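Each chain, letter by letter, is given below.
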Amino acid sequence: MDFDVVIIGSGPAGGMAAIQCAEAGLKTALFEKVNLPRRKVCAGGVVKRAIKLLPKDLEYPIESICDTVELRLHDPEKSFQEHRKDLVTMVNRVDFDYAIIKHAEKKGAQILDGVEVKSVIPCEEHVDIITANKRYSAAYLIIAEGANSRIANNFWDDDRVLAPALESEIMLPPEKLSEFQGVARFDFDIITSGYAWVFPKKDHISVGICSFSSKKPNLNKLFDDYKLKIGLTGQHEERNRQGFIIPVKPRQQTYMKQRMILVGDAAGFADPITAEGFTYAFKSGIEAGQAIVKGANPEEVHQLYHKGINEAIVQELNIVSKLSKPFYFSQRMRKTLFKRYGARLCRGMADLIEGKQSYHKALAKRAFIARLIINTK
Ligand SMILES: Cc1cc2nc3c(=O)[nH]c(=O)nc-3n(C[C@H](O)[C@H](O)[C@H](O)COP(=O)(O)OP(=O)(O)OC[C@H]3O[C@@H](n4cnc5c(N)ncnc54)[C@H](O)[C@@H]3O)c2cc1C
C-alpha cells in the first residue's frame, strides 16, 4: 500500500482533511491537478464560524476584516446593518488555500501538485488512484475535487443543485475603496432569484452575483448594471471576471461508498441561501479525516463520518434548501419580508455567521414558541 489516505483536491475541504490525517501520523498524500499556489473563483469571505474551525497554529494572510454585515434593497431603498467584531474575514484564495496546504505539508502530508487524478478503482482492501504516469494505492480516498466533481460523478448520482455565479475584482483608489471598507454587503433585488455582493479587500473590492434560478439569467449584464448601482460609474481596472458554479443542495445519498469519502463542494455542501461554502468544506474535511483516523474498518469510518456531518451539515443544508425556495421564489415576497423583518433578518444572519445560531436551532425554537402559544390558548 502506497498511502493510508489519498486526497483529491487542494481546496479548503481537501486541505483540512490532509491536516487531520497527517497530524495523526497517517501516511497522507494530496493530489492537485494544477500547480500550486492556484486560483479559485471565489469572493474570499470567510465567516467567523468557519474561522473558528481552523487550526490554532495556522498562519494565513488576511486582506481585510469586516465587523459589519449589510443587507440591502434598492427599490424601495432600504438597508439593514449589524455590527459585531470580526464577522467576516476577507482573504485572497490563492494565498489562503496555499497557507492551509503548506500547513498540511508541515504536519507530514505529501503534496503532489500538477498531478491530475484521471480515475480511481475501488477494491475490497484499498483504492487504486490512477494518474497520467503512475498508479497509487491507498486504504482510503477522500474526494475533495470541488464543484465539477468528475471523479465523484462516476460513483454517485449528481443530484446537487448547481448555482451559477460570477465574480470579479475591481481595483479602486484608496478614497473610493474607503467607501466599502469594513462592510460585507449583500444586495437582494439585483437579480430575481439570487443576490449580489461587495466584499472589500486591500486594494480592490470583490464584486459578484449568483443565481438560484433554474432559468439562465445573463449574469454579465446584471453584473454591469450592479456596478453602476454601487456607484462605479467611471473607469476602473477589472481583473479576472469569471463565472463558476456553487453546489447549493447536498447529494441526497450516502457520503461514503466502499473506501471513498465525499467532502466539500463535491458532496454539495454549500449554503442554499448565502452560498457560503467554507464552513461546510472545513467541517466535512475535518470529520472525514477524523473518521479515518478513529475508525478500525470501513464500516466504522462510514458510521463516524455520517455521525459527524449529519446534524451539522446534511440536516442543516436540507432545511436551508427548503427555506431558500420561498425566499428566492418571489421578489415581492422577499421585499415584504425585508420591509417587515429586515433588522431581524440581518441580526439572524450575523448570528449564523458567528455560529451562535443554526437554521436548525432557529426553526426548532420557532416551533417550540408556536407550540407554547397553541398550548397556552
Ligand atoms: C463566485 C464564487 C464566490 C464564492 N464566494 C464564497 C465566499 O465568499 N465565501 C464562502 O464561504 N464560499 C464562497 N464560495 C464557495 C466556495 O468557493 C466553495 O464552497 C469552496 O471552495 C469549496 O471547497 P472545496 O475544497 O470543496 O473545493 P475547491 O476549493 O473547488 O477545490 C477543489 C480542488 O480540486 C482540484 N481537482 C479537481 N479535480 C481534480 C483531479 N481529478 N485531480 C486533482 N485535483 C483535482 C481542483 O483543481 C481544486 O483545486 C464561492 C464560490 C463561487 C463560485
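Residues numbered from 1 in each chain as written. Predicted model: local features only at pLDDT ≥ 70, side-chain atom pairs only at ≥ 80, totals over all residues. Heavy atoms only, no water.

*Asks:* Before we go on, may I ask you to explain the sheet that holds strand β3 (residues 45-47) in this structure?
*Replies:* Where strands meet in a sheet, backbone hydrogen bonds hold them as pairs that are either parallel or antiparallel. Strand order in the open sheet formed by 8 strands is β3-β5-β4-β11-β12-β13-β10-β14, and the pairing between neighbours is mixed. Two strands close off the open sheet at either side, each with one partner strand: β3 and β14 (238-247). With direction set aside, neighbouring strand axes in the sheet form an average angle of 25°. Where strand β4 (residues 64-74) meets strand β5 (residues 77-90), 10 bridges bridge the pair, whose relative direction is antiparallel. Paired with Arg 72 across the strands is Ser 79, a residue of β5. (Pairing = 2+ DSSP bridges. Helix = DSSP H or I, 4+ residues; strand = E, 2+ residues; numbered from the N terminus. Axes fitted to C-alpha atoms, helices over the stretch in contact; angles between N-to-C directions.)

*Asks:* I'm lost on the packing of aromatic side chains in this one. Help?
*Replies:* The way to describe two aromatic rings as a pair is by their centre distance and the angle between their planes. Here the structure, examined in full by the defined rule, presents 19 aromatic pairs. Taken together, a centroid distance of 6.2 Å and an interplanar angle of 45° make the contact between Trp 197 and Phe 199 tilted. Each member of the pair, Trp 197 as well as Phe 199, is classed as buried. Note on Phe 327 and Phe 338: the rings are 6.5 Å apart at their centroids and 50° apart in plane angle, and the pair reads as tilted. Of this pair, Phe 327 sits in helix α8 (residues 298-329) while Phe 338 sits in helix α9 (residues 331-354), and the two are 11 residues apart along the sequence. The burial state of Phe 327 is the same as that of Phe 338; both residues are buried. Among the aromatic side chains, those forming a connected cluster through ring pairs are Phe 80, Phe 186, Phe 188, Tyr 195, Trp 197, Phe 199, Phe 212, Phe 327, Tyr 328 and Phe 338. The ring of Tyr 140 has Arg 259 sitting right over it, with the charged end atom 5.2 Å from the ring centre. (Phe/Tyr/Trp six-rings, centres within 6.5 Å; stacked < 30°, edge-to-face > 60°. Buried < 20%, exposed > 50% of the residue type's maximum accessible area, 1.4 Å probe, protein only. Lys NZ or Arg CZ within 6 Å of the ring centre and 35° of its normal.)

*Asks:* Is there a simple way to explain unusual backbone geometry in this structure?
*Replies:* What you tend to see is this: most non-glycine residues have negative phi, and most peptide bonds are trans. Looking along the chain, the bond that leaves Leu 36 and enters Pro 37 is cis, with omega of -5°. Assignment of secondary structure puts Pro 37 in the loop between β2 (28-32) and β3. Here Ser 149, not a glycine, exhibits a phi torsion of approximately 50°, which is positive. Turning to its location among the elements, Ser 149 is positioned in the loop between β9 (135-143) and β10 (162-171). Judged by its relative accessible area of 1%, Ser 149 falls in the buried class. For Ala 275, which is not glycine, the phi dihedral falls at a positive 65°. In this structure, Ala 275 sits in the loop between α6 (264-267) and α7 (278-294). The exposure class assigned to Ala 275 is buried, which follows from its relative accessible area of 13%.

*Asks:* How should I be thinking about the site of the ligand in this particular structure?
*Replies:* Taken together, 37 residues form the shell around the ligand, and within it Glu 32, Arg 38, Gly 45, Asp 265 and Gly 277 come nearest. One of the backbone N or O atoms of Lys 33 is found 3.0 Å from a nitrogen atom in the ligand. Across the complex, the protein chains shield 95% of the 1000 Å² of accessible surface that the ligand would expose by itself. With 3 residues, β14 is the single largest residue contributor to the shell around the ligand. Considered class by class, the residues forming the shell around the ligand number 18 nonpolar, 8 polar and 11 charged. (Near = heavy atom within 4 Å. Polar contact = N/O pair within 3.5 Å; in protein donor to acceptor, adjacent residues only side chain to side chain. Areas by Shrake-Rupley, 256 points an atom, 1.4 Å probe, with all protein chains shown as cover. Nonpolar A, V, L, I, M, F, W, Y, C, P; charged D, E, K, R; others polar.)

*Asks:* Quick question: what am I supposed to make of the state of the cysteines here?
*Replies:* One covalent bond between the sulfur atoms of two cysteine residues makes up a disulfide. Summed over all chains, the structure comprises 0 disulfides. You can see Cys 21 has no disulfide; the closest cysteine sulfur is in Cys 123, sitting 20 Å from it. Just so you know, Cys 66 is unpaired, no disulfide at all, and the nearest cysteine sulfur is the one on Cys 346, 13 Å from it. (Disulfide = S-S within 2.5 Å.)

*Asks:* What is the right way to look at the UniProt feature "domain: FAD-binding" (unreviewed entry) in the chain in this model?
*Replies:* Within the UniProt annotation, "domain: FAD-binding" (unreviewed entry) is assigned to residues 3-153. Annotated as 20% helix and 42% strand, the span residues 3-153 places its first and last C-alpha atoms 23 Å apart. (UniProt positions renumbered as here; feature names shortened; annotations may be inferred.)

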